[in-house]
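# Summary of structural features
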Amino acid sequence: MAERAATAERAAVLEQRGPLGPRSPRPGRPGALPLGLLKTARPRQWVKNVLVVAAPAAAGELFSRHALTQVALVFGLFTAAAAAVYLINDARDADADRAHPTKCRRPVAAGQVPVSVAYAVGGLLAVLAPAAAALLCTPLTAVLLAAYVLMQLAYCVSLKHVLVVDLAVVTTGFLMRAMIGGVALGIPLSRWFLITTGFGALFMVSAKRYSEAVQMAQAAEAAAADGRAERLGATRALLTSYTTGYLRFVWQLAAGVAVLAYCLWAMESGGIAGTGLLPWRQLSMVAFILAILRYAVFADRGTAGEPEDVVLRDRALALIGVVWLAMYGLAVADW
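The structure displayed is predicted, hence computed values, not measured ones.

## Observations regarding the overall build of the protein chain
Scanning the protein chain from terminus to terminus reveals 14 helices and zero strands. The N-to-C order of helical and strand elements in the protein chain reads α-α-α-α-α-α-α-α-α-α-α-α-α-α. Taken across its 335 residues, the protein chain has 41% of its residues classed as buried. For the protein chain, long-range pairs separated by at least 24 residues make up 73% of all intrachain contacts whose partners lie at least 6 apart in sequence. When the accessible area of the protein chain is evaluated, it comes to approximately 17,700 Å², of which 68% is carbon and sulfur surface.

Below you can see the structure in the form of structure tokens.
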């Protein structure tokens, strides 16, 4: 049965590639175009944009009508900007994706979305998102959103092939998400907030890269044991240039700095006398450290994939996150 399944999979890949290389995709049905564009925009990744509430929530200025409206608007604009990057990236990589056993199912590679349409819609969103931010939010919000689009496009073109810079760019993308809500509302951003957010993002990004490198090495070992040739770096070519030891060092360093910065942030903010029943902000350090330690378990095992998947599949980590949110919420409310 296993050999039959493997033979069927190889036949499917060869059918997609064709005898002389990647085969041109068949035109998709006209009615499937909107669905293909939506799928290319990666709705599953939109959960990352919830980070736009981070700065307003940390400052305790999230629950006014104006703040909620601005945060919802910024969430939508950031989602549009990210969708623009995904569309342009998939259009640019369409030929390479058609030769890939799984990426060939992406709408652009499969022909559901024509390459020209993906470029056009992506380019339009890339222009409209910052322009709308300039009209509906603040000029600085528009500048930050435009900088995000330009940085991500540069990443798609060349920066994703540069050692260390690729980690920095992905981390900066998360940091920009966390900053933009505060920028839109004119909230001063604490230096400890920025350091905690930046190194927390680097921790998750490098942990994911480390897990991918470990899994790639395990697949290569299994292939060698079976006498098969395994193409290293098929998923992310730059991984072959990193060592697992280096990536482990990065996520351990980032975790340590994030914990230290959060503790300094909590102690600095919690040092002001308030009317709360307990020093919730200082107590939240315990939950934050436990969350980092729990996440590090998956990083160490090489199973830390997408951050949202790690949190949702582990009940203990999700519970720690809820406790941290409750403690920080009580601190902001000064209960």
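Don't stop here, the text continues.
## Topic: the packing of aromatic side chains
All told, the structure shown has twelve aromatic pairs when counted by the stated rule. Centre to centre, the rings of Tyr 246 and Phe 249 are 6.5 Å apart; their planes meet at 45°, and the pair counts as tilted. Taken together, the positions of Tyr 246 and Phe 249, both in helix α11 (residues 244-270) and three residues apart, correspond to about one turn of that helix. Given a relative accessible area of 31%, Tyr 246 falls into the partly exposed group. Taken together through their ring pairs, the aromatic side chains of Phe 193, Tyr 262, Trp 265, Phe 288, Trp 324 and Tyr 328 make up a single cluster. Here the guanidinium or amino end of Arg 177 rests over the ring plane of Phe 174, the centre of that ring lying 5.5 Å away. Arg 301 extends its terminal NZ or CZ atom over the ring of Phe 298, reaching a point 5.9 Å from the ring centre.

## Topic: the confidence of the model for the protein chain
With 84% of its residues at a pLDDT of 70 or more, the protein chain has an overall mean of 84. In this model residues 1-28 is a low-confidence stretch, pLDDT under 50, and it forms 25 contacts with partners more than four residues away in sequence or in other chains.

## Re the side chain of Thr 196
With respect to the element layout, Thr 196 can be found in helix α10 (residues 191-225). A distance of 2.8 Å separates a polar atom in the side chain of Thr 196 from the backbone oxygen of Trp 192. Residues within four places of Thr 196 in sequence aside, it is in contact with Ala 258, Ala 261, Tyr 262, Trp 265 and Phe 288.

## As for the packing of helix α4 (residues 65-92) against helix α7 (residues 115-136)
For the pair α4 and α7, interaxial distance at closest approach is 8 Å and the crossing angle is 155°. By the angle between their directions, the pair α4 and α7 is classed as roughly antiparallel. Crossing hand, α4 versus α7: left-handed. Residue-level inspection shows Gln 70, Leu 73, Leu 77, Ala 80, Ala 81, Ala 83, Ala 84, Leu 87, Ile 88, Ala 91 and Arg 92 of α4 in contact with α7, the latter providing Val 115, Ala 118, Tyr 119, Val 121, Gly 122, Gly 123, Leu 125, Ala 126, Ala 129, Ala 132, Ala 133 and Leu 136. Across the contact of α4 with α7, the residue classes break down as 19 nonpolar, three polar and one charged.

## Side note on the nonpolar core
The tendency in soluble globular proteins is for nonpolar side chains to be buried as a group. By size, the foremost hydrophobic cluster in this structure holds 40 residues, and its most contacted members are Phe 203, Leu 247, Trp 251, Tyr 262, Trp 265, Tyr 295 and Ala 304. Breaking this core down by element, the ones donating at least two residues are α3 (54-59), α9 (165-185), α10, α11, α12 (280-301) and α14 (315-333). Looking at which element gives the most residues to this core, the answer is α10, with eleven residues. Core analysis: the second largest hydrophobic core is formed by 29 residues, Ala 81, Ala 126, Leu 145 and Ile 180 among them.

## Regarding unusual backbone geometry
Negative phi values dominate among residues other than glycine, just as trans dominates among peptide bonds. For Arg 42, which is not a glycine, the phi torsion comes out positive at approximately 60°. By the secondary structure assignment, Arg 42 is in the loop between α2 (33-40) and α3. Residue Val 164 is not a glycine yet carries a positive backbone phi of 70°. Relative to the helices and strands, Val 164 is located in the loop between α8 (139-157) and α9.

## Notes on the pattern of salt bridges
Within this structure, the stated rule accounts for twelve salt bridges. For Asp 166, the salt bridge identified is with Arg 209, shortest N-O distance 3.6 Å. Of this pair, Asp 166 sits in helix α9 while Arg 209 sits in helix α10; the two residues are 43 residues apart in sequence, bridging distant segments of the chain. With respect to class, Asp 166 is no different from Arg 209; both count as buried. It is possible to trace a salt-bridge network through shared partners that takes in Arg 42, Asp 90 and Arg 106.

## With respect to α2
Within α2, the full set of buried residues consists of Gly 36, Leu 37 and Thr 40. The buried residues of α2 occupy an angular sector of 100° when the element is viewed end-on, so they sit on one face. Exposed side chains of α2 directed beyond 90 degrees from the buried face belong to Pro 34, Leu 35 and Lys 39. Along its buried surface, α2 packs onto α4, α6 (107-110) and α7. Looking one or two places after α2, you find Arg 42, whose phi comes out positive at around 60°.

Definitions and limits used
Residues numbered from 1 in each chain as written. Predicted model: local features only at pLDDT ≥ 70, side-chain atom pairs only at ≥ 80, totals over all residues. Heavy atoms only, no water. Helix = DSSP H or I, 4+ residues; strand = E, 2+ residues; numbered from the N terminus. Buried < 20%, exposed > 50% of the residue type's maximum accessible area, 1.4 Å probe, protein only. Contact = heavy atoms within 4.5 Å. Areas by Shrake-Rupley, 256 points an atom, 1.4 Å probe, with all protein chains shown as cover. Phe/Tyr/Trp six-rings, centres within 6.5 Å; stacked < 30°, edge-to-face > 60°. Lys NZ or Arg CZ within 6 Å of the ring centre and 35° of its normal. pLDDT = per-residue confidence, 0-100. Polar contact = N/O pair within 3.5 Å; in protein donor to acceptor, adjacent residues only side chain to side chain. Axes fitted to C-alpha atoms, helices over the stretch in contact; angles between N-to-C directions. Parallel < 35°, antiparallel > 145°, perpendicular 65-115°, else oblique. Left-handed = near helix turned anticlockwise from the far one by under 90°. Nonpolar A, V, L, I, M, F, W, Y, C, P; charged D, E, K, R; others polar. Core = buried A, V, L, I, M, F, W, Y, C linked by side-chain atoms within 4.5 Å. Salt bridge = Lys/Arg side-chain N within 4 Å of Asp/Glu carboxyl O. Arc of directions from axis to C-beta.

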